[in-house]
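# Summary of structural features
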Amino acid sequence: MNKKFLSAILFGALLASTTGTFTSCKDYDDDINGLSERVDAIEKTLAELNTKFGSLAYVKSVSFADGKLVVTDQNGDATTYNIPDTDTNTTYTLDVSQDGNKATITLTDNKGNVQTKTITFTDTDTDTKFDATKLTVGEDGVVKYDGVATGVTIPKQGTLDITEMTTDGVTYGWAIKYGNAEPVNLMICDVLPITSFGFEPDAYLGGVPSMKALKVVYKAWSETTSCNPATATGEVWAKATTNSYVRPVIAGTYYLNPSSATKEQIKKITVLSADKEYINKTRAAASNPEVESYEVKDGVLTVYFKATTELIEAISSSKITVLAIRVETEAGNTITDEYRAIYATDYENVILGDKAKKAAGTAHHLYGTDTGKADDAIKADADYEVAYNSTTGIDLAEKVITCYDDVAATKTDLTMSAAELAKLGLKYDFHLCAYIDGTNQTNQSDFARLTGSVLYPKLFNETATPYAAVGRQPLVRVQLLDTKANNKVVSTGWIKVMITKDKAPAIDAPFTFDPFTN
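Residues numbered from 1 in each chain as written. Predicted model: local features only at pLDDT ≥ 70, side-chain atom pairs only at ≥ 80, totals over all residues. Heavy atoms only, no water.

## A word on the sheet that holds strand β10 (residues 142–145)
One open sheet accounts for three strands, arranged β9-β10-β11; its pairing is antiparallel. Both edges of this open sheet fall to β9 (135–137) and β11 (148–153), since each of them pairs with a single strand only. Taking the axes of each pair of neighbouring strands and ignoring which way they run, one obtains an average angle of 30 degrees across the sheet. Pairing between β10 and β11: three bridges, direction antiparallel. Considered in β11, the bridge of V142 is made with T153. (Pairing = 2+ DSSP bridges. Helix = DSSP H or I, 4+ residues; strand = E, 2+ residues; numbered from the N terminus. Axes fitted to C-alpha atoms, helices over the stretch in contact; angles between N-to-C directions.)

## Side note on the pattern of salt bridges
Counted by the stated rule, this structure contains ten salt bridges. Salt-bridge contacts for D346 lead to K215; the nearest nitrogen and oxygen are separated by 3.9 Å. Of the two residues, D346 is situated in strand β28 (residues 340–354) and K215 in strand β17 (residues 208–218); the sequence distance between them amounts to 131 residues. Residue D346 is classed as partly exposed on the basis of its relative accessible area of 23%. A relative accessible area of 26% places K215 in the partly exposed class. As a salt-bridge pair, K379 and D375 come within 3.1 Å of each other at their nearest N and O atoms. The exposure class of D375 is buried, given its relative accessible area of 13%. Connected through salt bridges with shared partners, the residues K212, D406 and E420 form a single ionic network. (Salt bridge = Lys/Arg side-chain N within 4 Å of Asp/Glu carboxyl O. Buried < 20%, exposed > 50% of the residue type's maximum accessible area, 1.4 Å probe, protein only.)

## Examining the packing of aromatic side chains
In this structure the tally under the stated criterion is three aromatic pairs. Considering the side-chain rings of F199 and Y254, the 5.3 Å spacing of their centres and the 50 degrees angle between planes classify their relative orientation as tilted. Taken as a pair, F199 in strand β15 (residues 196–200) and Y254 in strand β20 (residues 244–257) lie far apart in primary sequence, 55 residues in all. Just as F199 is buried, Y254 falls in that class too. Here the aromatic residues F197, F199 and Y254 are joined through ring pairs into a cluster of three or more. (Phe/Tyr/Trp six-rings, centres within 6.5 Å; stacked < 30°, edge-to-face > 60°.)

## Structural notes on the side chain of T492
Note on placement: T492 falls in strand β39 (residues 488–500). Residue classification places T492 among the buried positions, given a relative accessible area of 0%.

## As for the nonpolar core
Membership of the largest hydrophobic core comes to 36 residues, with the highest contact counts inside it found for L424, L426, V478 and I495. Once residues lying within four places of it in the same chain are set aside, the contact partners of L426 are V246, M416, L421, L480, L481, D482 and V490. (Core = buried A, V, L, I, M, F, W, Y, C linked by side-chain atoms within 4.5 Å. Contact = heavy atoms within 4.5 Å.)

## Here we look at the pairing of strand β37 (residues 454–457)
Residues V454 and Y456 of β37 are buried on one face, and the alternating residues L455 and P457, pointing to the opposite face, are buried as well. Where strand β30 (residues 394–395) meets β37, two bridges bridge the pair, whose relative direction is antiparallel. Across the sheet, residue I394 finds its bridge partner in β37, namely L455. Relative to β37, strand β36 (residues 448–451) runs antiparallel, the two sharing four bridges. When the sheet's bridge partners are listed, T451 is paired in β37 with V454.

## Focus: the layout of surface pockets
Any space left empty among the atoms is revealed by the rolling of a water-sized probe across them. Approximately 450 Å³ is the volume attributed to the second largest pocket. Around the second largest pocket, the lining is made up of 19 residues, and of these T253, T302, A419, E420 and K423 lie nearest the centre. At five residues, helix α5 (residues 418–424) tops the list of elements feeding residues into the lining of the second largest pocket. Here the lining of the second largest pocket is built from residues that sort into nine nonpolar, three polar and seven charged. (1 Å grid on protein atoms, 1.4 Å probe; cavity = no way out; pocket = protein on both sides within 12 Å on 5 of 7 lines; lining within 4 Å. Points joined across faces, edges and corners; volume = space filled by probe spheres on them. Nonpolar A, V, L, I, M, F, W, Y, C, P; charged D, E, K, R; others polar.)

In structure tokens, the structure reads:
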């Protein structure tokens, strides 16, 4: 792999801090103003890049010529940035060679100066492939691999650095950095071919890395008493007497190499099936697994399978169900995974909970999750506080978790990950609920607004005193929805928030006293 660095020096003397008094004529003023504007323009351009792309982003293409940087994002939208160039250039080359689980990085400038460092992959597997897209330029010119400093540093001279990253003659990204500012690393997706992938198991079954054939069992909730008009006890929801199901989901997670790979680079994924023998396990009857769909995000390939789920064995069975995938890429290469096991399990008792309360080891299910009554939350103390003048509000999505029991693993009160929620098609939904409280029978929801999952305090009307919302306790209904079944409600609960004044910080005030005398 080879990288070429173009370092455009922007008059180090100009960028250095100076003090003192001097006189100048108009021509000098014009020169200095022109250079200052040039530096300001570069800083503004890089600030715009950072705002749009952040420190690392995947894009379709990048080109730089005649002081114009053109970046085309993954949606195909091109943006042009003007970056002034200079006549003074310094060239660097960065060579990387791999031997087993070690990679040697050599930086050489056009004056013959050399830096050489060797990094060792923590994975002891000597087949671990070096991922070129993980090599980036970080702060202060430090070359990093997967976010970790390699020990190689590009010298800084108060310069604008535009780093073209190439491997085998193909440009796969650019690093754009000015002075000590945060660099922008733009990696071009769809350029480097997929060379390998690694499986992320849900568990190990008979020593075999495995994935779950997951089914969620729940009783759907429906509204029986509306919160409109507002009452002192609020709304009521009831649980069905019969079960509903999130249909079985079989999803395998694979980490692609390089991590810049996209779905468009994959031509076809097929499932392989063959008889295998395992210690303590025998192969189960064929469940005929097939690829249903797949997606790629941030270098992670998620493959969804369909199969005759009744023939997939439970984790406690003496039999095992296995499959392997074969990935054919648009570049013409074929990658075959090892065989992985599948085991069947059910998630039951799916209930909404409070993240902080569970972490503290206290009762953590949201109010009303058992009874379906908002009144449980109305009668309880507020869960959270938000200042009456807060402009950021409080994001309740950050406070909520989903608890469940894993039947196959015989484990209870586990926390469902965001990845599992997404695989199962489950999502959170938030609603502001009306109820009346206080001697004036005030509707508490009049003093709050809800945008998505974020609760903001507000005035009942424009003429009200700014403190009118203080002491009000708006109520939010939280629901877990099954998006694959017309948004059936899997679980319902409520969160109450207290609107408060700003809390004045405590101040230690020292006191001195004269000695006591009789």
